[in-house]
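# Examination of the molecular architecture
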Amino acid sequence: MDPRLKSSLLWGLVGGLAFLVLLQGYELVSTERVAWLVKFAVAALVVVGATGVSYLYQFGVPADAPKGKR
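Notes on the structure in this doc start here. Here the residue numbering is sequential within each chain, running from 1 through the sequence in written order. Selection of residues for local features in this predicted model requires a pLDDT of at least 70, selection of side-chain atom pairs for listing and counting requires 80 or more, and totals for whole chains, interfaces and linings are taken over all residues. Excluding hydrogens and water, the side-chain figures rest on all heavy atoms present in the structure.

## Notes on the overall build of the protein chain
Secondary structure elements follow DSSP: runs of H or I of four or more residues count as helices, runs of E of two or more count as strands, with numbering from the N terminus. When its secondary structure is counted, the protein chain shows two helices and zero strands. For the protein chain, with 70 residues in total, the buried portion stands at 17%. For the protein chain, long-range pairs separated by at least 24 residues make up 62% of all intrachain contacts whose partners lie at least 6 apart in sequence. In short, Shrake-Rupley with a 1.4 Å probe defines the accessible areas, and a residue's cover is counted only from the protein chains shown. By element, 72% of the accessible surface of the protein chain is carried by carbon and sulfur atoms, the whole surface being about 5600 Å². For every residue, the accessible area obtained with a 1.4 Å probe (protein chains only) is divided by the maximum for its type, and the residue is called buried under 20%, exposed over 50%, and partly exposed between those limits. In what follows, residue pairs with any heavy atoms lying within 4.5 Å of each other are defined as contacts.

## So, a nonpolar patch on the surface
There is a patch of nonpolar side chains on the surface, built from M1, L5, L9, V53, Y55, L56 and Y57 and spanning about 760 Å² of accessible area. Considering every element that reaches the nonpolar patch, the biggest residue donor is helix α2 (residues 36-56), with three residues. Note that L5 resides in helix α1 (residues 3-29). By relative accessible area, L5 is classed as partly exposed at 35%. Each patch is built from salt-bridge-free residues with over 30% relative accessible area, joining like charges within 9 Å and nonpolar side chains (Val, Leu, Ile, Met, Phe, Trp, Tyr) within 5 Å. Just to be clear on terms, a salt bridge is a Lys or Arg side-chain nitrogen sitting within 4 Å of an Asp or Glu carboxyl oxygen.

## Let's talk about the packing of aromatic side chains
Between 30 and 60 degrees the pair is tilted, below 30 it is stacked and above 60 it is edge-to-face, where a pair is any two Phe, Tyr or Trp rings, Trp via its six-membered ring, whose centres lie within 6.5 Å. If you walk through the whole model with that rule in mind, you get zero aromatic pairs. Its end group placed over the ring of Y55, R4 keeps NZ or CZ at 4.2 Å from the ring centre. Throughout this description, the term charge over a ring refers to an Arg CZ or Lys NZ atom that lies within 6 Å of the ring centre and within 35 degrees of the ring normal.

## Observations concerning the pattern of salt bridges
Taken as a whole and assessed by the stated rule, the structure comprises one salt bridge. Across the salt bridge formed by E27 and K39, the nearest N and O atoms sit 3.0 Å from each other. One end of the pair, E27, is in helix α1; the other, K39, is in helix α2, and twelve residues separate them in sequence.

Encoded structure:
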């Protein structure tokens with residue numbers, strides 16, 4: 001597997017798990033409850049989004065980019 005892809009997938013997994021941890025903390029301190037299907041659907045979207053963003057920006061903004069575009 002390409003190291004860039006593997007790294008992006010792992011960052012996506014970290015993002016999804018972080019979302020679930022934050023949601024669990026929210027449920028512990030409030031009286032609101034979120035349906036498990038909604039939790040995992042949103043977590044899946046977070047995984048996809050974090051994977052895509054980390055794949056695109058893994059090497060950061062190029063050094064020769066114009067100053068306003070960084």
